[in-house]
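Residues per chain are reported as follows:
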Amino acid sequence: MKVKALMDDVSRDGGWEREHGLSLYLETETHRILFDMGKSGRFLENAARMQVDVGLVDTAVLSHGHYDHGGGLPDFLAKNQNAKIYVQEGAFGPHFARRSGGRIEEIGIDASLERDPRITLVKGRLDIDEELTVFGDIRGRELWSKANHVLLERDGDGYREDPFFHEQDLIIRSRDGKRILAAGCAHRGIVNIMKRFVELEGQAPDVVIGGFHLMEPSSGRAIPREQVEAVADRLLSFRGVRYYTCHCTGLEAYGILKERMGERISYLAAGDSADL
């Protein structure tokens, strides 16, 4: 099984496109999967350079309804005519962020795309087949990131903190028994997502890939160090799991995780690939 980072906030060198966004390509024994589509269609340029034919993707998953994960969805729909796209209910609704000075900015995706016949709306959990499951039925708020506080949904004439019911994660089961967890931003908390994974699968994943949302969206700075360290310690408590993080984890927070987790964690930048 392989993963290729088609888009991330950082790249290994100047030859790769980068933007505030995430797109991952995962190739298994039976599937070619696109997990998120970045902020724009620029992920397609990296895909071509990495010899990924996006037209052959058979399954796409949108992790949640923010522009930095679904902004490139129209470009994917234009490039690929056959893939089924799995999206959690509510992802096409309006979503907002409170910026500096209290300004409210809409950060959702094009709501008209919900009508595309290739879109499958999911409520909670769906077994796509024996190899793939998407799930959004996350419970608990252990180590809920402080960076979530500025991310909002509409509440009548005002706004309230987004509970992220529109977020989902992906389970991949390989034929050799290995289990992979892919998360977009882990707004519901990577620890809570891991605990739900264990409930569903009866074991921890072998590999986790995704952003852990440990970076304040406006400043780009890490959330308080003590919370990042607490997340690291809880991730280490899942024995034997290998972590690849990216995007909204942020490089500052990643540095703290790396100090504590050592070889158990790596950064997956645009243009990177790994055998899982």
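Residues numbered from 1 in each chain as written. Predicted model: local features only at pLDDT ≥ 70, side-chain atom pairs only at ≥ 80, totals over all residues. Heavy atoms only, no water.

Quick one: what's the story with the sheet that holds strand β12 (residues 158-161), residue by residue and with numbers?
The antiparallel open sheet is built from four strands, whose spatial order is β7-β6-β11-β12. Edge strands, defined here as strands with exactly one partner in the open sheet, are β7 (104-106) and β12. The mean angle between the axes of side-by-side strands here comes to 45°, regardless of whether they run parallel or antiparallel. Strand direction decides the pairing type here: strand β6 (residues 96-98) and β7, joined by three bridges, are antiparallel. When the bridges of β7 are listed, A97 appears paired with E105. (Pairing = 2+ DSSP bridges. Helix = DSSP H or I, 4+ residues; strand = E, 2+ residues; numbered from the N terminus. Axes fitted to C-alpha atoms, helices over the stretch in contact; angles between N-to-C directions.)

Quick one: what's the story with the packing of aromatic side chains, residue by residue and with numbers?
Following the criterion strictly, the structure yields two aromatic pairs and no others. Each ring, one from F96 and one from Y159, has its centre 5.0 Å from the other, and the planes form 70°; the classification is edge-to-face. Within this pair, whereas F96 is found in strand β6, its partner Y159 is found in strand β12, the two being separated by 63 residues in sequence. Ring geometry for Y254 versus Y267: centroids 5.4 Å apart, planes at 70°, classification edge-to-face. In this pair, Y254 is assigned in helix α6 (residues 251-261) and Y267 in strand β17 (residues 265-267), connecting sequence segments 13 residues apart. This pair shows no difference in class: Y254 is buried, exactly as Y267 is. Taking the ring centre of W144 as reference, the NZ or CZ of R141 above it sits at 4.0 Å. Directly above the aromatic system of Y244 lies the positively charged group of R242, at a separation of 4.7 Å from the ring centroid. (Phe/Tyr/Trp six-rings, centres within 6.5 Å; stacked < 30°, edge-to-face > 60°. Buried < 20%, exposed > 50% of the residue type's maximum accessible area, 1.4 Å probe, protein only. Lys NZ or Arg CZ within 6 Å of the ring centre and 35° of its normal.)

Lay out the packing of helix α4 (residues 190-201) against helix α5 (residues 225-236) with the relevant residues and their values.
Where α4 meets α5, the closest approach of the two axes is 10 Å, and the angle between their N-to-C directions is 15°. Between α4 and α5, the angle is such that the two are roughly parallel. Note on packing geometry: the crossing formed by α4 with α5 is left-handed. Residue-level inspection shows I190, V191, M194 and K195 of α4 in contact with α5, the latter providing V231, R234 and L235. The residue makeup of the contact of α4 with α5, split by class, is five nonpolar, no polar and two charged. (Parallel < 35°, antiparallel > 145°, perpendicular 65-115°, else oblique. Left-handed = near helix turned anticlockwise from the far one by under 90°. Contact = heavy atoms within 4.5 Å. Nonpolar A, V, L, I, M, F, W, Y, C, P; charged D, E, K, R; others polar.)

Tell me what's going on with the environment of E45, and back it up with residues and numbers.
By the secondary structure assignment, E45 is in helix α1 (residues 43-49). Between the alpha carbons of E45 and D13 there is a distance of 15 Å; along the sequence they are 32 residues apart.

Which residues make up the nonpolar core, and what values do they have?
Residues I190, I209 and Y243 are the most contacted members of the largest nonpolar core, which totals 55 residues. Contact partners of I209, with chain neighbours within four places excluded, come to V3, L24, L26, I180, L181, A182, A183, Y244, L268 and L276. Among the nonpolar cores identified, the runner-up in size contains 26 residues, and L6, M7, M37 and A91 belong to it. (Core = buried A, V, L, I, M, F, W, Y, C linked by side-chain atoms within 4.5 Å.)

Account for the sheet that holds β17, with residues named and values stated.
Pairing is mixed in the open sheet, where seven strands are placed in the order β9-β10-β13-β14-β15-β16-β17. Here the strands that pair on one side only, and so sit at the sheet edges, are β9 (125-127) and β17. Ignoring strand direction, the axes of neighbouring strands in this sheet form an average angle of 15°. Two strands pair when backbone bridges link them, and strand β16 (residues 242-245) and β17 are joined in this way by three bridges, in the parallel orientation. Within β17, the position partnered with Y244 by the bridge is S266. Taken strand by strand, α6 contacts β16 and β17, and its axis lies near 155° from that of β17.

An account of the environment of Y86 is needed here, citing residue identities and associated values.
The topology assignment puts Y86 in strand β5 (residues 84-88). C-alpha of Y86 to C-alpha of V134: the two residues are 48 residues apart in sequence and 8.1 Å apart in space. Setting aside residues no more than four positions away along its own chain, Y86 makes contact with T59, A60, V61, L62, T120, V122, L126, I128 and Q168.

Please set out α4 residue by residue, giving values where relevant.
Taking 1.5 Å as the rise per residue, α4 with 12 residues should run 16 Å; its terminal C-alpha atoms sit 16 Å apart, in good agreement. Taken as a whole, α4 has its buried residues at I190, V191, N192, I193, M194, R196, F197 and E201. G202 sits one or two positions beyond α4 and adopts a positive phi of about 80°. (Expected span 1.5 Å × (residues − 1).)

Residue-level account of the pairing of strand β14 (residues 179-183), with values.
For a regular strand, the rule is simple: side chains alternate between the two faces of the sheet. Burial analysis of β14 places five of its five residues in the buried class, the great majority of the element. Of the two faces of β14, both are covered, the one formed by R179, L181 and A183 as well as the one formed by I180 and A182. With four bridges joining them, strand β13 (residues 169-173) and β14 adopt antiparallel strand pairing. Each residue of the ladder has a partner; that of I172, found in β14, is I180.

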